[in-house]
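# What the coordinates show
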Amino acid sequence: MAGHTAAEFVPDSLKLDELADAAHSCKGCDLYLDATQTVFGAGSATADLMLVGEQPGDQEDRAGEPFVGPAGRLLDKALAAAGVERDRLYVTNAVKHFKFTLPERGKRRIHKTPSRTEVVACRPWLVAELMAVQPKVLMLLGATAAQSLMGSGFRLTAHRGEVLHLPDSDDVAFDPQIVATAHPSSVLRGRPEDREEAFDALVSDLRFAADLLAS
Ligand code: URA
Ligand code: SF4
């Protein structure tokens, strides 16, 4: 594959805005070919709470900002219910380009889960953001974010509500408290009769993360 990998782009010393600039020309996997643009993280560079989603969706791909579509609105509602202000956070995704399929009929682009290869290719950007922001608490939203940082064997359902730590690795010299929770989209996708409970669980996990900041 021609072009640059994420890992080549990311010297430790790069600050957040320089990282975002560099990420805009990343060709670390094939996802840049069909997506509109790189959607880098956004928010406070000194945030003590960082949230990580999966990848940009259709609206994020057009806007160039993370969590501004339906999942973002749900997240905003959950943050408000938990009493956490979004502008105090740094919000990003495990994968920085939108992966989708175009069904034969209809023009709506359908979200596709990124492969392990794509998640691994994009991981250096996420690690660089983590090192630049150095949040006290890191909240992983959904299996893709969780497996990017905790390893491919990580099971979300087995660790919800626990304080976790990153596994030993060569590239992350930093030890935030970690909370893993369901992805906001899973609340939207669930059965209507399950939504309230799923939403409340997300709010309760956000509150748990915010309480860790105070402790
Ligand atoms: N879902 C995500 O995981 N991230 C976004 O930015 C939007 C939807
Ligand atoms: Fe680079 Fe990540 Fe985009 Fe792949 S998804 S091209 S690794 S920024």
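Keep in mind that this is a model prediction, so the values were computed, not measured.

Scanning the chain from N- to C-terminus turns up 9 helices and 7 strands. Against the compact-globule benchmark of 17 Å for 215 residues, the chain has a radius of gyration of 16 Å, which places it among compact chains. Structurally, the chain occupies a C-alpha span of about 45 × 45 × 30 Å along its principal axes. Here the chain, with 215 residues, has 49% of them falling under the buried criterion. For the chain, the proportion of contacts with a sequence separation of at least 24, taken over those separated by at least 6, is 73%. Considering the chain, the positive charge centre built from 23 side chains and the negative charge centre built from 31 side chains are found 7 Å apart.

This brings us to the site of ligand 2. Close to ligand 2 lie Cys26, Gly28, Cys29, Tyr32, Val95, Lys96, His97, Ala121, Cys122 and Trp125. Each residue belonging to the shell around ligand 2 can be placed in one class, and the counts come to 7 nonpolar, 2 polar and 1 charged.

Ordered by their spatial adjacency, 5 strands build an open sheet running E1-E3-E2-E6-E7, and the pairing between neighbours is mixed. The strands lining the two open edges of the sheet, one partner per strand, are strand E1 (42–43) and strand E7 (177–181). The pairing of strand E2 (residues 49–53) with strand E3 (residues 89–93) spans 5 bridges and is classified as parallel. Opposite Met50, over in E3, you have Tyr90 as the bridge partner. Here helix H5 (residues 116–133) sits on the sheet and contacts E2, E3 and strand E6 (137–141); the angle it forms with E3, its principal contact strand, is near 170°. Docked against the sheet, helix H9 (residues 195–214) engages E2, E6 and E7, running at close to 175° with respect to E7.

Conventions used here
- Residues numbered from 1 in each chain as written.
- Chains lettered and ligands numbered in written order.
- Predicted model: local features only at pLDDT ≥ 70, side-chain atom pairs only at ≥ 80, totals over all residues.
- Heavy atoms only, no water.
- Helix = DSSP H or I, 4+ residues; strand = E, 2+ residues; numbered from the N terminus.
- Rg over C-alpha atoms; globule rule 2.2 N^0.38 Å.
- Buried < 20%, exposed > 50% of the residue type's maximum accessible area, 1.4 Å probe, protein only.
- Contact = heavy atoms within 4.5 Å.
- Lys, Arg positive; Asp, Glu negative; His and termini not counted.
- Charge placed at Lys NZ, Arg CZ, Asp CG, Glu CD.
- Near = heavy atom within 4 Å.
- Nonpolar A, V, L, I, M, F, W, Y, C, P; charged D, E, K, R; others polar.
- Pairing = 2+ DSSP bridges.
- Axes fitted to C-alpha atoms, helices over the stretch in contact; angles between N-to-C directions.

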